[in-house]
Amino acid sequence: MRANKRRDTRPEKALRSAVHALGLRYRVDTRPIKDVRRTADLVFPKQKIAVFLDGCFWHGCDEHYRPAKGTTATFWNNKIADNRRRDLDTDRRLQQAGWEVIRVWEHDDPIHAAERVAHRVNQLRSSAHDHTSDSPHDSKGDN
């Protein structure tokens, strides 16, 4: 298992490159909530968006994951089930803290995934901009 990288995998680099090409800047491999030991692959702090790129094997992708068989089956099946539970717990914790979670599978096309991320980030940027322009200090007739 040591050969498996924790970060900077080929799918992560492809997603980051595609998101960057769309003009977005983000933090890499960061804890959205400092007190919670969960690290997101991409973090947009101002918009409170955490992006996780999940490996099909390690996170139990419904499309590609096949339960282990043989002498180590119990170990691996329990490990993947624990990872799935932790992912759900991570989503819940972040959502309770006001964060939005976007999950991307390693098999997802990085360009489409980046467009999905960019769409949401830009939506939140626009709504934040709309709220600031509604400020009473911005109206012209109050002088």
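Note that the structure is a prediction, hence the values are computed from the model and not measured.

Turning next to the confidence of the model for the protein chain. Overall, the predicted model of the protein chain reaches an average pLDDT of 90, with 88% of residues at or above 70. pLDDT under 50 marks residues 137–143. Its contacts with residues more than four places away, or in other chains, come to 3 contacts.

With a phi close to 65 degrees, D8 is a non-glycine residue in the positive phi region. Structurally, D8 is set in the segment before α1 (10–21). Given the relative accessible area of 22%, D8 is considered partly exposed. Its identity as a non-glycine residue notwithstanding, K48 has a phi of 55 degrees, on the positive side. In this structure, K48 sits in the loop between β2 (40–44) and β3 (49–54). Classification of K48 as partly exposed rests on a relative accessible area of 31%.

In total, this model carries 6 aromatic pairs according to the counting rule given. For the ring pair F57 and Y65, a centre distance of 5.9 Å and an interplane angle of 50 degrees mean the geometry is tilted. With a relative accessible area of 13%, Y65 lands in the buried category. One aromatic cluster in this structure is built from F57, W58, Y65, F75 and W76. Over the ring of F52 we find R103, and its NZ or CZ is 4.3 Å from the ring centre.

What counts, and at which threshold
- Residues numbered from 1 in each chain as written.
- Predicted model: local features only at pLDDT ≥ 70, side-chain atom pairs only at ≥ 80, totals over all residues.
- Heavy atoms only, no water.
- pLDDT = per-residue confidence, 0-100.
- Contact = heavy atoms within 4.5 Å.
- Helix = DSSP H or I, 4+ residues; strand = E, 2+ residues; numbered from the N terminus.
- Buried < 20%, exposed > 50% of the residue type's maximum accessible area, 1.4 Å probe, protein only.
- Phe/Tyr/Trp six-rings, centres within 6.5 Å; stacked < 30°, edge-to-face > 60°.
- Lys NZ or Arg CZ within 6 Å of the ring centre and 35° of its normal.

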